[in-house]
Amino acid sequence: ATVLETDNTVCRSMNVIYPLAVPKGRRLCCEVCEAPAERGWASSRARRISGQAKRKDNEVHVFVVSGVVHQRADWGSIHEKICQLLIPLRTSMPFYNSEEERQHGLQQLQQRQKHLIEFCYTVAQKYIFEGKHEDAVPAALHSLRFRMSVHGLSSVELVPAYLLLAEASLGLGRIVQAEEYLSQAQWTVLKSTECCYATHSLLHRNLGLLYMAKENYEEARYHLANDIYFASCAFGTEHIRTSGGYFHLANIFYGLKKLDLADTLYTKVSEIWNKYLDNHYQVLSQARTQQIDLLGKQFETDTGLDEAQEAEAIQILTSILNIRESTSDKAPQKTIFVLKILFMLYYLMMNSSKAKEYAMRALDLAKEQQLSVHEQNTIQDLLNLISAEEAHHIT
């Protein structure tokens, strides 16, 4: 059989699952579509002996699927990333000598599940912002299942996963399926007395996206206005978590040819991201001026964003840039403003090549439109910063 190896996990080739061989009362379902499973991947802990992986006897099915297509979808989306973490969750708990040990084992199990909830959720969000809606579905489903296991079937903690699945379904053009997920999320929120403003905001944002897909712009505006209200209550009117509502509302006005309203909202979104990124950019620039060594820091600490939020920033800002570039002859300063924001974003993400690309585009446009010497010098300073760092790395 073909063997896939991770650090100390061995995943063997797919095996056929025979229903009569499954223990009574146990139901194996496909990780992707919830249909009865037909195949499973067997995995086991491995120990290294003379450089070779030796299998232990406690081999388990790490995941089960209804066919090869779903196996590939699940593995490529999320399973390869979490395979090793799943093994302790899908094997029976060992015998403990005391109640204290048993409680400690249960706490560890729950901590693993909570970690996987957030990890799968972040991965699914990142896929959605990158436009990879098909890949987002398995990751969101894993997040949903772990939430059900930890919080129960009617908890409001399930809502974020339902909303991710709804958004992925909308991206795939499956409106009926998206409506089902949104109905489940809405019903869960209505039953709950402990739903926070942030969750209300996410719910209304996704309802707004649903009605945009159905071209019911009146309802879409209503829900996006509620999204902005609840996000403002949770984070503030000028927070990046609120900017998504402004952005989608601007898209509606842009599609309806109400360009003045759209322009105002796109400017609002740009200013929010500019303020946020400029604060981090100034702190980083000051630290480097003081010759503080930042090389040991993790990349995400430079932007203050996780991978999903970085993907969201790229998606929003590049969308606004495309719209600005289509009218750059009328308002080149607005295009240059967005290019400079994207420069800061990629610079903070430690992606010097992309940062340099956007700075060059800003400088070329400033020269083409014959903008002020001060504006051109400001952009040139950004390029000089990148060049100086590249020279430093070479030496």
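Residues numbered from 1 in each chain as written. Predicted model: local features only at pLDDT ≥ 70, side-chain atom pairs only at ≥ 80, totals over all residues. Heavy atoms only, no water.

Under an unreviewed UniProt entry, the name given to the protein chain is Zinc finger MYND domain-containing protein 12, and the source organism is Balaenoptera physalus.

Chemist: I would appreciate a short explanation of the overall build of the protein chain in the present structure.
Modeler: Looking only at helices and strands, the protein chain has 14 helices and 5 strands in total. In the protein chain, which comprises 395 residues, the share counted as buried stands at 44%. The contacts in the protein chain between residues at least 6 apart in sequence include a share of 64% that link residues at least 24 apart. Here the protein chain has roughly 21200 Å² of accessible surface; of this, 51% comes from carbon and sulfur atoms. (Helix = DSSP H or I, 4+ residues; strand = E, 2+ residues; numbered from the N terminus. Buried < 20%, exposed > 50% of the residue type's maximum accessible area, 1.4 Å probe, protein only. Contact = heavy atoms within 4.5 Å. Areas by Shrake-Rupley, 256 points an atom, 1.4 Å probe, with all protein chains shown as cover.)

Chemist: What's the story with the packing of helix 12 (residues 332-348) against helix 13 (residues 352-368) in this structure? I'm lost.
Modeler: Geometrically, a packed helix pair is captured by the angle between its two axes and the distance between the axes. Running from N to C, helix 12 and helix 13 cross one another at 160 degrees; their axes reach a closest spacing of 8 Å. When the axes of helix 12 and helix 13 are compared, the pair comes out roughly antiparallel. Between helix 12 and helix 13 the crossing geometry is left-handed. Contacts between helix 12 and helix 13 involve Pro332, Thr335, Ile336, Leu339, Leu342, Phe343, Tyr346 and Tyr347 from the first element and Lys354, Ala355, Tyr358, Ala359, Arg361, Ala362, Leu365 and Ala366 from the second. (Axes fitted to C-alpha atoms, helices over the stretch in contact; angles between N-to-C directions. Parallel < 35°, antiparallel > 145°, perpendicular 65-115°, else oblique. Left-handed = near helix turned anticlockwise from the far one by under 90°.)

Chemist: Any chance you could explain the nonpolar core here in plain terms?
Modeler: Across soluble globular proteins, you tend to see nonpolar side chains buried next to one another. Judged by nonpolar contacts, the single largest core of 84 residues is most densely connected at Trp273, Leu277, Leu342 and Phe343. The greatest single-element share of this core, amounting to 11 residues, is contributed by helix 12. Once residues lying within four places of it in the same chain are set aside, the contact partners of Phe343 are Tyr281, Ala355, Tyr358, Ala359, Leu382 and Ile386. In terms of nonpolar packing, the next biggest core, distinct from the first, is built from 5 residues, Leu116, Cys120, Phe146 and Val150 among them. (Core = buried A, V, L, I, M, F, W, Y, C linked by side-chain atoms within 4.5 Å.)

Chemist: For this particular structure, what's the right way to read the packing of helix 11 (residues 307-326) against helix 12?
Modeler: Put simply, helix 11 and helix 12 touch, their axes get as near as 9 Å, and they point 155 degrees apart. The angle between helix 11 and helix 12 falls in the class roughly antiparallel. Helix 11 and helix 12 meet at a crossing whose hand is left-handed. Within the contact between the two elements, helix 11 uses Ala313, Ile314, Leu317, Thr318, Ile320, Leu321, Arg324 and Glu325 and helix 12 uses Lys334, Thr335, Val338, Leu339, Ile341, Leu342, Leu345 and Tyr346. Looking at the contact of helix 11 with helix 12, its residues break down into 11 nonpolar, 2 polar and 3 charged. (Nonpolar A, V, L, I, M, F, W, Y, C, P; charged D, E, K, R; others polar.)

Chemist: When you look at the layout of surface pockets in this model, what are you seeing that I'm missing?
Modeler: By volume, the largest pocket amounts to about 810 Å³. When contributions to the lining of the largest pocket are tallied by element, the ones reaching two or more residues are helix 2 (99-129), helix 4 (159-171), helix 6 (197-213), helix 8 (240-255) and helix 11. When residues in the lining of the largest pocket are grouped by element, the largest group, 8 residues, is from helix 6. Across the lining of the largest pocket, the residue classes tally to 16 nonpolar, 12 polar and 6 charged. (1 Å grid on protein atoms, 1.4 Å probe; cavity = no way out; pocket = protein on both sides within 12 Å on 5 of 7 lines; lining within 4 Å. Points joined across faces, edges and corners; volume = space filled by probe spheres on them.)

Chemist: Please clarify how the packing of aromatic side chains should be interpreted in this entry.
Modeler: Two aromatic rings are characterised by how far apart their centres lie and by the angle between their planes. The final tally for this structure, using the stated rule, is 9 aromatic pairs. Ring centres of Phe343 and Tyr347 lie 5.7 Å apart, and the angle between their planes is 15 degrees; on these two criteria the pair is classed as stacked. In this pair, Phe343 and Tyr347 both sit in helix 12, 4 residues apart, roughly one turn of the helix. Taken individually, Phe343 and Tyr347 each receive the classification buried, so the pair is uniform in this respect. Among the aromatic residues, ring-to-ring pairing joins Tyr197, Tyr229 and Phe230 into one connected group. Over the face of the ring belonging to Tyr121 we find Arg147, whose NZ or CZ atom lies 5.1 Å from the ring centre. (Phe/Tyr/Trp six-rings, centres within 6.5 Å; stacked < 30°, edge-to-face > 60°. Lys NZ or Arg CZ within 6 Å of the ring centre and 35° of its normal.)

Chemist: Explain the pattern of salt bridges here, please?
Modeler: When the charged atoms of two side chains with opposite charge come close together, those side chains can pair. As enumerated under the stated definition, the model contains 13 salt bridges in all. For Arg174, the salt bridge identified is with Glu134, shortest N-O distance 3.7 Å. Placement of the pair is Arg174 in the loop between helix 4 and helix 5 (175-191) and Glu134 in helix 3 (residues 133-151), with a sequence separation of 40 residues. The partly exposed category is assigned to Glu134, whose relative accessible area is 46%. Put simply, Arg324 and Asp263 hold a salt bridge, and the shortest N to O gap is 2.5 Å. With Arg324 in helix 11 and Asp263 in helix 9 (residues 259-289), this pair connects stretches of sequence that are 61 residues apart. Assessed through its relative accessible area of 7%, Arg324 is described here as buried. Given the relative accessible area of 23%, Asp263 is considered partly exposed. (Salt bridge = Lys/Arg side-chain N within 4 Å of Asp/Glu carboxyl O.)

Chemist: Is there a simple way to think about helix 13 in this case?
Modeler: Each full turn of the α-helix corresponds to 3.6 residues, which orients residues three or four apart in the same direction. Between its first and last C-alpha, helix 13 extends 24 Å over 17 residues, near the 24 Å set by a 1.5 Å rise per residue. Backbone geometry just after helix 13 places Gln370 at a positive phi near 55 degrees. (Expected span 1.5 Å × (residues − 1).)

Chemist: Help me understand helix 5, please; the structure alone is not making it clear to me.
Modeler: With 17 residues, helix 5 should cover 24 Å at 1.5 Å per step; its first-to-last C-alpha distance of 24 Å lies within 8% of that length. Looking only at helix 5, the buried set comprises Ala178, Tyr181, Leu182, Ala185, Thr188 and Val189. The arc that holds the buried residues of helix 5, viewed along the axis, is 120 degrees, so those residues lie on one side. Of the exposed residues in helix 5, the ones pointing more than 90 degrees away from its buried face are Val176, Glu180 and Leu190. The elements touched by buried residues of helix 5 are helix 3, helix 4 and helix 6. (Arc of directions from axis to C-beta.)

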